[in-house]
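# Structural characterization, general
Residue-level listing of the chains:
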Amino acid sequence: MPTRLPAVAGTFYEASPDRLRAQVNACIAANAAPPAKERFIGAVVPHAGLMYSGHVAAAFYIAAELPRRFVILCPNHTGFGHFAAINSEGAWRTPLGDATIDAPLAAALMERTKLLSEDWRAHAREHSLEVQLPFLQHLLGQFTFVPICLGAPRYDYCEEIGQAIADVIGSDDIGILASSDLNHYEDQKSTLRKDQLAIDQIVALDPQELWRTVDEYDVSMCGFIPTTAMLIAAKKLGATSARLLKHATSGDVNGDYGHVVGYCSALVK
């Protein structure tokens, strides 16, 4: 079985197991403990280096009642590979061990939509999904997942993939994660304004308006495609509400408010 080796260990997160566990714990400790875990259908989680957005991602991971199976959707930053790339077997390795791909779930998704194509090239150097795995490994230990990297800006593709995910999940306890940062490389004021435009549509559970807003207002939200597909799937699975858990920028970490990236975590149920 193929094993994807870590692409960003030592850059986006610590490369040694002990230091990575400590880093994940520090991200968790940056948030107040929730009064109770929440069941969820889908979520948005950021994917910058853990030193920048890990505390925002952790706000979701500690708030959610995490299942043992996931569909994880991410954008394609590299431009390599298929526009809807899936890995259907094997594992992804991080310093915390191997995370196993859910082969039956992947096979069912590929049977449901022919848009998905087996392709390891799109995932090989892509960081945005990889950085989610240390949180799941640390909090859950054993789990399975299906990685899907989406790169085609077509709403109809998101509809078909979202519908396929919903059809395959049905009543099973499988979480859908969409990996995305928000606006990129503008000043703090502009980024907070543009971020809020996108966040408003996420919490309104409105994938069409999210798509339109990102385009019309030039919100450089790198994961708007996976977020759209997640919202479509979640609504078909009966989602009725969403809430923002945390919103921050890179400037909150490094003090440079002239050139920031926005991050949010949101829970859909």
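Above: the structure in question.
Residues numbered from 1 in each chain as written. Predicted model: local features only at pLDDT ≥ 70, side-chain atom pairs only at ≥ 80, totals over all residues. Heavy atoms only, no water.

## Brief notes about unusual backbone geometry
Positive phi outside glycine occurs at leucine 205, with the angle close to 55°. Take leucine 205: it is sitting in the loop between α8 (188-203) and α9 (207-216). Of note in this structure, aspartate 218 is not a glycine but carries a positive phi near 55°. Among the structural elements, aspartate 218 can be located in the loop between α9 and α10 (224-236). (Helix = DSSP H or I, 4+ residues; strand = E, 2+ residues; numbered from the N terminus.)

## Overview of helix α1 (residues 17-29)
Relative to the 18 Å expected for 13 residues at 1.5 Å per residue, α1 spans 18 Å between its end C-alpha atoms, a close match to the ideal helical length. Three or more residues of α1 are buried, namely Leu20, Gln23, Val24, Cys27 and Ile28. Seen from one end, α1 has its buried residues packed into an arc of 140°, which puts them on one side. Counted as exposed and oriented over 90 degrees from the buried face of α1: Asp18, Arg19 and Ala29. Those residues of α1 that are buried lie in contact with α2 (50-63) and α6 (133-140). (Expected span 1.5 Å × (residues − 1). Buried < 20%, exposed > 50% of the residue type's maximum accessible area, 1.4 Å probe, protein only. Arc of directions from axis to C-beta. Contact = heavy atoms within 4.5 Å.)

## Section: the pairing of strand β8 (residues 144-150)
Most of β8 is tucked away: six of the seven residues are buried. Pairing analysis gives seven bridges linking strand β3 (residues 69-75) to β8, with the strands arranged parallel. When the bridges of β8 are listed, valine 71 appears paired with valine 146. Relative to β8, strand β4 (residues 84-86) runs antiparallel, the two being bridged by three bridges. (Pairing = 2+ DSSP bridges.)

## Observations regarding the packing of aromatic side chains
Under the defined criterion, the tally for this structure stands at nine aromatic pairs. Between the aromatic rings of phenylalanine 70 and phenylalanine 143, the centroid separation amounts to 6.1 Å while the plane-to-plane angle is 85°, which identifies the pairing as edge-to-face. Taken as a pair, phenylalanine 70 in strand β3 and phenylalanine 143 in the loop between α6 and β8 lie far apart in primary sequence, 73 residues in all. Relative to phenylalanine 145, the ring of phenylalanine 143 has its centre 6.2 Å away and its plane inclined at 45°; by these criteria the two rings are tilted. This pair shows no difference in class: phenylalanine 143 is buried, exactly as phenylalanine 145 is. Among the aromatic residues, ring-to-ring pairing joins Phe40, Phe60, Tyr61 and Phe135 into one connected group. Just above the ring of tryptophan 92 sits the side chain of arginine 4; from NZ or CZ to the centre is 4.2 Å. (Phe/Tyr/Trp six-rings, centres within 6.5 Å; stacked < 30°, edge-to-face > 60°. Lys NZ or Arg CZ within 6 Å of the ring centre and 35° of its normal.)

## Some words on the nonpolar core
One finds Leu73, Leu109, Ile148, Ile165, Met221 and Met230 to be the most contacted residues of the largest nonpolar core, which totals 48 residues. Dropping the residues within four chain positions of it, isoleucine 165 is found in contact with Val71, Leu73, Leu109, Ile176 and Ala233. Ranked by size, the runner-up nonpolar core spans 37 residues in total, among them Ile62, Leu66, Ala85 and Leu133. (Core = buried A, V, L, I, M, F, W, Y, C linked by side-chain atoms within 4.5 Å.)

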